[in-house]
Amino acid sequence: MRPITESDIRSSFVNCSKGEAKRLGLPADLAEQPWQDLDFLGWRDPGAPDRGYVVAEREDGGLVGIALRAVKGAARGFASRSMCSLCLTIRTGGGVALMSARRTGEAGRLGNTVGQYLCSDLACSLYTRGMKQTAGGDFEETLTVEERIARTRDNLAGFIAKVVA
């Protein structure tokens, strides 16, 4: 992913108002992000922990931002395992959260949402590349890193398509 600015981020959101985008909390370490290793920028709002955000590049070079909300009461115990639907990383102890995104257009105005199980810290790109490890250890995959990256990007594109449909 190419480095992006605060202005780029705030203007990219498709499923929240301009006022909401203006007020959302950005990552404190925006300038230090490992841009070359990111398929998307994902973070949880430090001022509102139940909110998360994903900003991804579109094929035309533009950006699309999706506001997320973590579903309350969906936390699972330490011993149970859950899988992120983007990077397919298996996590324990609440490492995966059910997050919903309001759909765009008329569907969103009617209250329709799309839900996905995502890594709680939204660091899927780093898990995919083996740059971040899960607490319980990772399972070995037969796919190459490049194939896992392509899979994560395809899964992200599918999620975004459901939100903007």
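Use the structure listed above.
Along each chain, residue indices are assigned from 1 in the same order as the chain's sequence is written. Where local features are concerned, this predicted model is filtered to residues with pLDDT of at least 70; where side-chain atom pairs are given and counted, the filter is 80 or more; whole-chain, interface and lining totals use all residues. In computing side-chain values, all of the structure's heavy atoms are included and hydrogens and water are not.

(A) Geometry of the overall build of the chain. Think of it this way: any DSSP run of H or I at least four residues long counts as a helix, any run of E at least two long counts as a strand, and we number them from the N terminus. Scanning the chain from terminus to terminus reveals 5 helices and 7 strands. Reading the secondary structure of the chain in the N-to-C direction produces α-α-β-β-β-β-β-β-α-β-α-α. Put simply, the radius of gyration uses C-alpha atoms, and a globule should come to 2.2 Å times the residue count raised to 0.38. Here the C-alpha radius of gyration of the chain, 15 Å, is about what a compact globule of 165 residues would show, namely 15 Å. Projecting the C-alpha coordinates of the chain onto the three principal axes gives extents of approximately 40 × 35 × 30 Å. Expressed as a percentage of the 165 residues in the chain, the buried residues total 45%. Should any heavy atoms of two residues lie within 4.5 Å, those residues are considered in contact. Within the chain, contacts between residues at least 6 apart in sequence are counted, and of these 55% link residues at least 24 apart. Carbon and sulfur atoms make up 52% of the accessible area of the chain, which totals about 8800 Å². Within the chain, the 20 negative side-chain charges are centred at a point lying 8 Å from the centre of the 22 positive side-chain charges. Whether a residue is buried, partly exposed or exposed follows from its accessible area with a 1.4 Å probe, protein chains only, as a fraction of its type maximum: under 20%, in between, or over 50%, in that order. Residue-level accessible areas treat just the shown protein chains as cover; the underlying method is Shrake-Rupley with a 1.4 Å probe. In this tally, Lys and Arg are treated as positive and Asp and Glu as negative; His is ignored, and so are the chain termini. Think of each charge as sitting on NZ of Lys, CZ of Arg, CG of Asp or CD of Glu.

(B) Broad picture of helix H5 (residues 145-164). Residue count minus one, scaled by 1.5 Å, sets the expected span of a helix. In this model, H5 (20 residues) spans 29 Å end to end at C-alpha, consistent with the 28 Å of a helix rising 1.5 Å per residue. Of the surrounding elements, those touching the buried residues of H5 are strand S1 (40-45), strand S2 (48-57), strand S3 (63-70), strand S6 (96-102), strand S7 (113-119) and helix H4 (124-128).

(C) Structural view of the environment of Asp-60. Relative to the helices and strands, Asp-60 resides in the loop between S2 and S3. Distance and chemistry together define a polar contact, namely a pair of N or O atoms within 3.5 Å, with one atom able to donate a hydrogen and the other to accept it when in protein, and with adjacent residues in sequence counting only for side-chain atoms on both sides. A distance of 2.8 Å separates a polar side-chain atom of Asp-60 from the backbone nitrogen of Gly-62.

(D) The arrangement of the side chain of Thr-89 in detail. Considering the arrangement of structural elements, one finds Thr-89 in the loop between strand S4 (81-83) and strand S5 (90-92). In this structure Thr-89 touches Ser-82, Met-83, Cys-84, Val-96, Cys-119, Tyr-127 and Thr-134, once residues within four positions along its chain are discounted.

(E) The packing of aromatic side chains, seen in detail. Between 30 and 60 degrees the pair is tilted, below 30 it is stacked and above 60 it is edge-to-face, where a pair is any two Phe, Tyr or Trp rings, Trp via its six-membered ring, whose centres lie within 6.5 Å. Taken as a whole, this structure holds 2 aromatic pairs when the rule is applied. Ring plane angle 35 degrees and centroid distance 5.3 Å describe the contact between Trp-43 and Tyr-53, whose orientation is recorded as tilted. On the criterion of sequence distance, the pair formed by Trp-43 in strand S1 and Tyr-53 in strand S2 is long-range, its members being 10 residues apart. Grouping residues by exposure puts Trp-43 and Tyr-53 together as buried. One aromatic cluster in this structure is built from Phe-13, Trp-43 and Tyr-53.

(F) Quick peek at the sheet that holds S2. By this definition, two strands are paired if DSSP reports at least two bridges between them. Pairing within the open sheet is antiparallel, and its 5 strands lie in the order S1-S2-S3-S6-S7. The open sheet is flanked by S1 and S7, the only strands paired with a single partner. Put simply, the sheet's adjacent strands are angled 30 degrees from each other on average, direction ignored. Where S6 meets S7, 7 bridges bridge the pair, whose relative direction is antiparallel. Note on S7: the bridge partner recorded for Ala-97 is Leu-118. Helix axes are fitted to C-alpha atoms over the stretch in contact, other axes to C-alpha atoms as well, and angles between N-to-C directions run from 0 to 180 degrees.

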